[in-house]
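Summary of structural features
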Amino acid sequence: MYKIRSAEFLAPNIKKFVIEAPKIAEKRKAGQFVIIRIKEGGERVPLTIADSDISEGTITIIAQGIGKTTKELNTFQAGDSIQDVVGPLGKPSHIENFGTAVSIGGGVGTAIAYPTAVALKQAGNHTISIIGGRSREFVILEDEMRKVCDEVYPTTDDGSYGYHGFVTQKLKELIDSGRKIDFVLAIGPIPMMKAIAETTRPYGIQTMVSLNPIMVDGTGMCGGCRATVDNKTVFVCVDGPEFDAHKVDFALLAQRNKSYLGDEKTALEKQTLEQKSREEEKKEHECNYDKMFFSKISS
Amino acid sequence: MEEISKKDRMKIPRQKMPEQSGEKRVTNFDEVNLGFTEELAKLEALRCIQCPKPTCIEGCPVGVKIRDFIGLVAQGDYLAAAAKIKEDNALPAVCGRVCPQEVQCESQCIMGKKHEAVGIGRLERFVADFERENVGIRTPQVKARTGKKVAIIGSGPAGLSCAGDLIKMGHEVTIFEALHELGGVLVYGIPQFRLPKEIVKAEVEALQKLGVNFQTNAVIGFTDTIDELLQNGYDAVFVAVGAGLPYFLNIPGENLNGVYSSNEFLTRVNLMKAYKFPEYDTPVFNCSNKNVAVFGGGNTAMDAVRTAKRLGAKKAYIIYRRSEVELPARKEEVHHAKEEGVEFLFLENPIEFIGQDGWIKQARLQKMALGEPDQSGRRKPVPVDGSEHLMDIDMAIIAIGNGSNPILQKTTPDLNFNKRGNIVIEESTMKTSKKGVFAGGDIVSGGATVILAMGAGRKAASAINDYLSNPES
Ligand SMILES: Cc1cc2nc3c(=O)[nH]c(=O)nc-3n(C[C@H](O)[C@H](O)[C@H](O)COP(=O)(O)OP(=O)(O)OC[C@H]3O[C@@H](n4cnc5c(N)ncnc54)[C@H](O)[C@@H]3O)c2cc1C
Ligand code: FES
């Protein structure tokens, strides 16, 4: 069992957990993830390690409640325990001093981009971050990003905060302003990552994305997480999760992530029934943009 | 047993294994074979003519004293029989269920020459179950503590049996397992209806009682490297990580939705209990009323196809590129699959999967003919020109074998692997290229059998014991 030290909402439906996992805290590198099972009988769900504290022996994960497991996880509080946490898994981000490096996060994707932004800064890059959300309350980790980035541009779809528009538009503006950008890391919903890839492609800017397929073991044993990159099949859990954005088959990834949509509904219905008997339901509204977000943490 | 003459004993027919009927069992995940009663076991044991020079033992990869244990069964001393088996086999309840006896011990049985072979596997299972159900798995004496520590990586049959022996020798043993459950393929691969998970659990608990430590959620290579284990006080390491990298066909359409590796399909159903979805959270493809095709002909393929049938598949096919004679699966599994309504298509090979809206809808197959024998001694399938045809399917499961998982290879630079990714060892000592590191089971042999993995685990335990008493030898 892995104890939750603290738990707090960063945005409606997006919760940050600090979990006791000393070994993982010591080992993890930017870009790596854990697989958690919240309880006996639970499914195995991958979540990126957003941060760690070696002296405290803790890791930080940030989850958006979309699927059954993440919704249930978001009811967990400080003092509760998570059944299983295994990691760190996956290849660490490739970090070097590229020059100017832009980290882009959409919604909860910012939590996944954050550790890599830290590492890019440590490697000596001039770091820029563009962190988007559909409205002000969905822009997360701005303070944290400001500490490690030389420039931070929050964006909102509705203009309620920061730049009015998508993260892609802000990126394009930066590029078109004539600044030399050497590296882009983009993490968020599949349509966003695809749009970023298309934005940087004509300029030949090296662009990485972190893929979010459905996983089971996370150790290369099942092949459920396979994706097509550069016309070749990869196992995202061991060959990734980060890949060259210009070579990823995003359509395939989006399609494979729909494999269990019907089942997810069944599970959610069951969960709703169970919850109704336990507590008053807190209504939450989600727009479509959000639903497409991170099936990694919903699968 | 003296009263019955050898001749009369030879007249006793091979006793049938009581089992759930075909129609009933495809609706549940309960074990198909129900096991011998005492009466059946005694009758079957009497069929053994107690050869002065038993040949059956030569067919057993670990040399179980078959004649002797069967003699004890005939006398009704089942606990003594269990102890006799355990001198050589650490996991008899498992092996009695899953060993390919028909090509091992039973193929060598003299009775089989004129009549039918003695049901050695069934008797082994009976004896092990009798012990577990009546007195619990008996834990042997543990020698005085040596103060030496051994790390075992992987909790499959190789790791478990190695741990059992090392702890008895007085060493401190910790098993590191990547998954959240213990047992390796025995829990994530082989289904409940063939090997109930409670049996594996009982074996693990018996080891726990003896003092073996288990650490789940520990992926060696990531959580700790082998070097770190050695630096952090372990005197030796046994690598028993199994195969664990599913092969795909590398044909177009293989990443469509509804195409699974057998590992993924079986892991979802067995380890994650998707057959109880939504009571358990993990889903799996909804096979109900669908056409499911499993590609391959081994035990894994049989397990997958029979699982699909139990999940409600309308049609469940085995599609195999050789002919029935070459099927590598245990005979009993093939027989059970047929009884359960599984359809077999032989000499067919898939060359493309065709989808609609992202989901698999058809397989393009090609007929094969058998040519010259290949390296494995089996006749090699060759494509028949102009024989391509389409088949409607809703789901495909690829069960064509496993390669080696690359995690340890990538994180242990001074450990020698061969071209196929298997760890290279010195046969007689189980030593790898790295000092203090031993290896055995599927990671060395490639996908093999439970009994071979178990045997390798025991051989490694004795080699590690030698090494610990004299590391410089
Ligand atoms: C579906 C199926 C059916 C089968 N049916 C039969 C049968 O009927 N009869 C038969 O004899 N054989 C059968 N086999 C083969 C048999 O199960 C294997 O040969 C045997 O289990 C190999 O044992 P092992 O201990 O080497 O490895 P495994 O059983 O594969 O165990 C290895 C363990 O190591 C863990 N591991 C891997 N990497 C790491 C790491 N880096 N750190 C920590 N842990 C790690 C894995 O999670 C796993 O639990 C079957 C196999 C399958 C897949
Ligand atoms: S999650 Fe199973 S191989 Fe990647």
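The structure displayed is predicted, hence computed values, not measured ones. (Residues numbered from 1 in each chain as written. Chains lettered and ligands numbered in written order. Predicted model: local features only at pLDDT ≥ 70, side-chain atom pairs only at ≥ 80, totals over all residues. Heavy atoms only, no water.)

1. Focus: the packing of helix α9 (residues 157-168) of chain B against helix α18 (residues 450-469) of chain B
Residue and element names in this part refer to chain B. Packing of α9 against α18 leaves a shortest axis separation of 7 Å and a crossing angle of 35°. The handedness of the crossing between α9 and α18 is right-handed. Where α9 approaches α18, its residues Pro157, Ala158, Ser161, Cys162, Asp165 and Leu166 are matched on the opposing element by Val450, Ala453, Met454, Gly457, Arg458, Ala460, Ala461, Ile464 and Asn465. Within the contact of α9 with α18, the residues separate by chemical class into ten nonpolar, three polar and two charged. (Axes fitted to C-alpha atoms, helices over the stretch in contact; angles between N-to-C directions. Helix = DSSP H or I, 4+ residues; strand = E, 2+ residues; numbered from the N terminus. Left-handed = near helix turned anticlockwise from the far one by under 90°. Contact = heavy atoms within 4.5 Å. Nonpolar A, V, L, I, M, F, W, Y, C, P; charged D, E, K, R; others polar.)

2. As for the confidence of the model for chain A
Residue and element names in this part refer to chain A. On average, residues of chain A score 89 in pLDDT, and 92% of them reach the 70 mark or higher. Looking across chain A, the model is least confident in helix α10 (residues 288-291), with a mean pLDDT of 40, and most confident in strand β16 (residues 242-244), with 97. Across residues 281-299 the pLDDT falls below 50, and counting only partners more than four positions away or on other chains, this stretch makes 59 contacts in the model. (pLDDT = per-residue confidence, 0-100.)

3. Let's talk about the site of ligand 1
All names here are of chain B. Around ligand 1, 33 residues are found, and the nearest of them are Val98, Glu177, Arg194, Ile220 and Val450. Backbone polar atom of Ala448 to an oxygen atom of ligand 1: 3.2 Å apart, as the coordinates give it. When the free accessible area of ligand 1 is taken as 1000 Å², the share hidden by the protein chains comes to 94%. Mapped by element, the contributors of at least two residues to the shell around ligand 1 are α9, α14 (299-310) and α18. No other element matches the three residues that α14 contributes to the shell around ligand 1. (Near = heavy atom within 4 Å. Polar contact = N/O pair within 3.5 Å; in protein donor to acceptor, adjacent residues only side chain to side chain. Areas by Shrake-Rupley, 256 points an atom, 1.4 Å probe, with all protein chains shown as cover.)

4. Description of the sheet that holds strand β1 (residues 2-11) of chain A
Residues and elements named next belong to chain A. On the basis of which strands lie adjacent, the open sheet formed by seven strands has the order β6-β1-β2-β5-β4-β3-β7 and antiparallel pairing. A single partner strand is all that each edge strand has here, and the edge strands are β6 (81-82) and β7 (84-89). Note that strand β2 (residues 14-20) and strand β5 (residues 58-64) share seven bridges and pair antiparallel. Across the sheet, residue Phe17 finds its bridge partner in β5, namely Ile61. On top of the sheet, helix α3 (residues 109-122) reaches β4 (45-53) and β5; it is set at about 45° to β4, its chief contact. (Pairing = 2+ DSSP bridges.)

5. Some remarks on the sheet that holds strand β12 (residues 183-187) of chain A
Residues and elements named next belong to chain A. The sheet built from seven strands is open, its strands ordered β11-β10-β9-β8-β12-β13-β16 with mixed pairing. Across the chains shown, the open sheet's two edge strands, defined by having one partner strand only, are β11 (163-164) and β16. Pairing geometry for strand β8 (residues 100-106) and β12, over five bridges, is parallel. Residue Val102 lies in a different strand from β12, and its bridge partner there is Val184. Set on the sheet, helix α5 (residues 167-176) makes contact with β8, β9 (126-133), β10 (151-156), β11 and β12; between it and β9 the angle comes to about 150°. Taken strand by strand, helix α6 (residues 190-200) contacts β8, β12 and β13 (206-210), and its axis lies near 160° from that of β12.

6. Thoughts on the packing of aromatic side chains
Centre distance and the angle of the planes are the two values used to describe a pair of aromatic rings. Residue and element names in this part refer to chain B. This model, assessed by the stated rule, comprises 13 aromatic pairs over all chains. Between Tyr78 and Phe130, the aromatic rings sit 4.8 Å apart at their centres with planes inclined by 65°, giving edge-to-face as the arrangement. Taken together, the residues Tyr78 in helix α5 (residues 78-86) and Phe130 in helix α8 (residues 120-134) connect sequence positions 52 residues apart. Like Tyr78, the residue Phe130 is buried in the burial classification. Judged by centre distance (6.1 Å) and plane angle (40°), the ring pair of Phe126 and Phe130 falls under tilted. Within this pair, Phe126 and its partner Phe130 are both found in helix α8, separated by four residues, close to a single helical turn. We note that Phe126, like Phe130, is buried. An aromatic cluster is defined as three or more aromatic residues linked by ring pairs; in this entry it consists of Phe29, Phe193 and Tyr275. (Phe/Tyr/Trp six-rings, centres within 6.5 Å; stacked < 30°, edge-to-face > 60°. Buried < 20%, exposed > 50% of the residue type's maximum accessible area, 1.4 Å probe, protein only.)

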